Amino acid sequence: MGARPLLNRRLAGMGTTIFAEMSALATATGSINLGQGFPDTDGPEEVREAAVRALRDGRGNQYPPGPGIPELRAAVAEHQQRFYGLSYDPDREVLVTAGATEAIAAALLALLEPGDEVIAFEPFYDSYAACIAMAGAVRVPLTLRQPAFRPDLDELRSLITPRTRLLLINTPHNPTGTVLTAEELAAIAELAVEHDLLVITDEVYEHLVFTGAHHPLAALPGMRERTVAISSAGKTFSFTGWKVGWVTGSPELVAAVRTAKQYLTYVSAGPFQYAVAEALRLPDAYYDDFRAELRRKRDLLATGLADAGFRVFEPQGTYFITTDITPLGEKDGIEFCRELPARCGVVAIPNAVFYDNTDIGRSQVRFAFCKRESVLREAVERLRGR
Ligand code: PMP
Ligand code: GLN
């Protein structure tokens, strides 16, 4: 095949995702997997039954409509109204995708020209870097620095150039757990309007906020017409394998994202779309109980990790706790995570892989707490004996 590499230059070096690598390591070593963010128990029984019913009744077993089934688009619009007072037209302003992952890919592929600059918080969720690269665009990191992991808004201003096309915002933020405050969001919105930037907001952890509250950027003045908001059923309802996500935005933005999306998967998850439509309509008690349960798990793991000697950065939201391993006499998170399964039977994720400036994140390690309490307790015991 000659000297030319098979994998194109845009994807060179991206190899296997850290989540796949670490989950495979967990399976191979029989370790407790606090790496990849997926719950170890399924979501509500009635939602699972709704999927079974849809399958049996033959709803969604053939291609659903390209933009998503009307029932789910209506439920997404109702959800935005119910929780945020935002009104979206289910026919023109909502698009169902194959998880948030496809929404991110379709939005970036639709909205970027080669050479455009995209500013995103570093550490980045891994698919951001890959999709920006596939679009031929350039990622520009705005680093969230420990211990507080807040965005420096003056730095954000200084990163904006005539080539900046888009801000890619993730709140609650994976992996740090940062939840942007109303003031931070207002400052970001002001910059977006002043420089006429598009914004993508990844809000998959919108219902997992333990401190403060989730505010959608699209609700701020001047933002609705420039914001593509992305979310997913995976995290909110504990069905990460179903891969049902969605986009909300102006008709023009949604039409652009749909153009790219229809050539990626066209459609997906037929019967699951019916089940997620029901899930979104669960009473407030579901959302409140789920958040309270995850908060207990966060506290259990945070205390345990601190007792085991890690420096713990308490997350305001998400499934994850970022720690620093320096107090353990360790320096390199990648090495630490590769050795941890053999040392004590626990898998975690090194944050360094989410940084362009890998030195900044070198000693950070992320642990997922979306697991049964008995599993978290056992993991903490093992980490103490490490
Ligand atoms: N964005 C962030 C920040 C995530 O952590 C994840 C992982 N759930 C995704 C997007 C992808 O979501 P989905 O599984 O719905 O594709
Ligand atoms: N979002 C999940 C995490 O951060 C992983 C999803 C995936 O494996 N792509 O752990």
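So, here is what we can say about the structure in this document.

What counts, and at which threshold
- Residues numbered from 1 in each chain as written.
- Chains lettered and ligands numbered in written order.
- Predicted model: local features only at pLDDT ≥ 70, side-chain atom pairs only at ≥ 80, totals over all residues.
- Heavy atoms only, no water.
- Buried < 20%, exposed > 50% of the residue type's maximum accessible area, 1.4 Å probe, protein only.
- Helix = DSSP H or I, 4+ residues; strand = E, 2+ residues; numbered from the N terminus.
- Pairing = 2+ DSSP bridges.
- Right-handed = clockwise from strand over helix to strand, strands pointing away.
- Patch = residues over 30% accessible without salt bridge, like charges linked within 9 Å, V, L, I, M, F, W, Y side chains within 5 Å.
- Areas by Shrake-Rupley, 256 points an atom, 1.4 Å probe, with all protein chains shown as cover.
- Salt bridge = Lys/Arg side-chain N within 4 Å of Asp/Glu carboxyl O.
- Near = heavy atom within 4 Å.
- Polar contact = N/O pair within 3.5 Å; in protein donor to acceptor, adjacent residues only side chain to side chain.
- Nonpolar A, V, L, I, M, F, W, Y, C, P; charged D, E, K, R; others polar.
- Expected span 1.5 Å × (residues − 1).
- Arc of directions from axis to C-beta.
- Contact = heavy atoms within 4.5 Å.
- Axes fitted to C-alpha atoms, helices over the stretch in contact; angles between N-to-C directions.
- Parallel < 35°, antiparallel > 145°, perpendicular 65-115°, else oblique.
- Left-handed = near helix turned anticlockwise from the far one by under 90°.

1. Quick word on the pairing of strand β3 (residues 117-122)
(1) Moving on: Most of β3 is tucked away: 6 of the 6 residues are buried.
(2) Moving on: Taken together, the 6 bridges between β3 and strand β4 (residues 138-143) define a ladder with parallel strand orientation. Residue pairing in the sheet places F121 in a bridge with L142 of β4.
(3) Moving on: The parallel pair β3 and β4, bridged by helix α5 (residues 126-134), forms a crossover whose chirality is right-handed.

2. Quick word on a nonpolar patch on the surface
(1) Moving on: A surface patch of nonpolar side chains, amounting to about 250 Å² of accessible area, comprises L109, M134 and L264.
(2) Moving on: With relative accessibility at 42%, the residue L264 sits in the partly exposed group.

3. Details of the site of ligand 2
(1) Moving on: Surrounding ligand 2, one finds F19, Q36, G37, Y125, N174, Y205, K235, F320 and R366.
(2) Moving on: Here an oxygen atom of ligand 2 sits 2.9 Å away from a polar atom, N or O, in the side chain of N174.
(3) Moving on: For ligand 2, the protein covers 79% of the area, taking 300 Å² as the surface of the free molecule.
(4) Moving on: Its residues assigned to classes, the shell around ligand 2 shows 4 nonpolar, 3 polar and 2 charged.

4. Regarding helix α1 (residues 18-29)
(1) Moving on: With 12 residues, α1 extends 16 Å between its outermost C-alpha atoms, agreeing within 8% with the 16 Å of an ideal straight helix rising 1.5 Å per residue.
(2) Moving on: Residues of α1 that are buried include every one of I18, F19, M22, S23 and A26, and no others. Taken end-on, α1 shows its buried residues confined to a sector of 120°, consistent with a single buried face. Exposed and oriented more than 90 degrees from the buried face of α1 are T27 and A28.
(3) Moving on: On its buried side, α1 packs onto β1 (32-33), α5, α12 (333-344), β11 (346-347), β12 (349-350) and β13 (364-368).
(4) Moving on: Positive phi appears at G30, one or two residues downstream of α1, with a value of about 65°.

5. Considering the packing of α1 against α12
(1) Moving on: Interaxial distance between α1 and α12 falls to 10 Å at its minimum, and their mutual angle equals 15°. Taken together, the axes of α1 and α12 are roughly parallel relative to one another. The chirality of how α1 crosses α12 is right-handed. Judged by residue contacts, E21, M22, L25 and T29 of α1 engage C337, R338 and P341 from α12.
(2) Moving on: Of the residues assigned to the contact of α1 with α12, the class counts are 4 nonpolar, 1 polar and 2 charged.

6. Here's the deal with the pairing of strand β5 (residues 164-170)
(1) Moving on: Of all the 7 residues making up β5, 6 are buried; the element is thus mostly covered by neighbouring parts of the structure.
(2) Moving on: With 5 bridges joining them, β5 and strand β6 (residues 198-202) adopt parallel strand pairing. Bridge pairing in β6 links I169 to T201.
(3) Moving on: Remark: the β5/helix α7 (residues 182-194)/β6 crossover connection has right-handed handedness.

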